[in-house]
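Chain residues, written in single-letter form:
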Amino acid sequence: MDVQVDLFATAKMLFARIDTLEYDLLFLDINMPDIDGITLGKKIAEIGAGTDIVFVSSNLDRVFDTFEAQPFGFVRKSNFMQDLSGVVERYVEQKIAGKDGTLVEFKENSGIFTLDADEIEYIECFRNMQIMHLSGGREKKIRLTMDVLESKLSAYDFIRIHKGYLVNCACIKRIDRESLTLKSSVVLPVGRSRHKAVLDAYLKYARIHGISFIG
C-alpha cells in the first residue's frame, strides 16, 4: 500500500501542521525538547483530529501516563523493530482492512493520503481548490478538480448537486427543489438542472439501503 511519511524534529513543528495535514497514524517520542510526547498526544486527542497515536520510548515506567491520550500502541526502543512491525500490522488489520472498502486514496502533487469516504459530509468548490467538510466539523483542502472527485467518489454514494458541491447521500436529511439540508443542518444549493437527477440518485440510494419514506 502507498503511504506518505513526514518527519518532525519537534512537537511544536508537528502541532503547527496538524490543522492543515490530516494524519492517520502518529509515532510520538515521549522525550522531546519543547513539549513531551504525552502532552502533545493529549492536545491532539482534545482537538479531535481523528489521528491514532503510538508512543515510542525507552521509559517503560511512563506507559501508564500515556493512557489519557488513548494511544493505539506503545513501541519500546529496546525492541524497536519487532514492536513497530507488530503495531503497524495490527493497525492495518483493525483500521484499514476493517473499513469495509470505504477508504479512498487521493493523489495530489504534494503527495498521497487516504480518507474514509464515510467521514466526508460534502465537498465545496473554493477558488482553485476544493474543501472537504468532514465529520466533527473538520475540514481538509485538496487540489483536485470537482470532476475528478465526483468520478472517484461516485462509487461511495456521492451526488453532484451543483457545479460547486458534491454530497454524501448518507448525510442528506431533506431535498427541496432549490436546496438540500444535511443532517448537520447545513443547507446547500441544488442546481436547477440537477434537481431531478439528484432526487433520482437519492431515491436509488434509499432503496438499496432500506430507507423508507412516510407520506
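What counts as what
Residues numbered from 1 in each chain as written. Predicted model: local features only at pLDDT ≥ 70, side-chain atom pairs only at ≥ 80, totals over all residues. Heavy atoms only, no water. Helix = DSSP H or I, 4+ residues; strand = E, 2+ residues; numbered from the N terminus. Buried < 20%, exposed > 50% of the residue type's maximum accessible area, 1.4 Å probe, protein only. Contact = heavy atoms within 4.5 Å. Areas by Shrake-Rupley, 256 points an atom, 1.4 Å probe, with all protein chains shown as cover. Pairing = 2+ DSSP bridges. Axes fitted to C-alpha atoms, helices over the stretch in contact; angles between N-to-C directions. Salt bridge = Lys/Arg side-chain N within 4 Å of Asp/Glu carboxyl O. Polar contact = N/O pair within 3.5 Å; in protein donor to acceptor, adjacent residues only side chain to side chain.

### Quick word on the overall build of the protein chain
Reasoning step 1: Counting its regular elements, the protein chain contains 5 helices and 13 strands.
Reasoning step 2: Counting only residues that meet the buried cut, the protein chain has 39% of its 215 residues in that class.
Reasoning step 3: The contacts of the protein chain with a sequence gap of at least 6 include a subset with a gap of at least 24, amounting to 42%.
Reasoning step 4: Here the protein chain has roughly 12,900 Å² of accessible surface; of this, 50% comes from carbon and sulfur atoms.

### What to know about the sheet that holds strand β1 (residues 25-29)
Reasoning step 1: With parallel pairing, 3 strands are arranged side by side in an open sheet as β1-β2-β3. The open sheet is flanked by β1 and β3 (73-76), the only strands paired with a single partner. Along the sheet, successive strands turn relative to each other by an average axial angle of 25°, direction set aside.
Reasoning step 2: Sheet topology places β1 next to strand β2 (residues 52-57); 5 bridges connect them, and they run parallel. Bridge pairing in β2 places Asp29 opposite Val56.

### Re the pattern of salt bridges
Between side chains of opposite charge, pairing is possible as soon as their charged atoms come close.
Reasoning step 1: Scanning the model with the defined rule gives 8 salt bridges in all.
Reasoning step 2: Among the salt bridges present, the one from Glu150 reaches Arg160, with a minimum N-O distance of 2.7 Å. Of this pair, Glu150 sits in helix α4 (residues 146-153) while Arg160 sits in strand β9 (residues 158-162); the two residues are 10 residues apart in sequence, bridging distant segments of the chain.
Reasoning step 3: Looking at Glu150, the relative accessible area reads 28%, which means it is partly exposed.
Reasoning step 4: The exposure class assigned to Arg160 is buried, which follows from its relative accessible area of 12%.

### A closer look at the side chain of Thr114
Reasoning step 1: Here Thr114 lies in strand β5 (residues 111-116).
Reasoning step 2: Here the side chain of Thr114 touches Asp24 through a polar contact of 3.1 Å, side chain to side chain.
Reasoning step 3: Contact partners of Thr114, with chain neighbours within four places excluded, come to Asp24, Val104 and Glu105.

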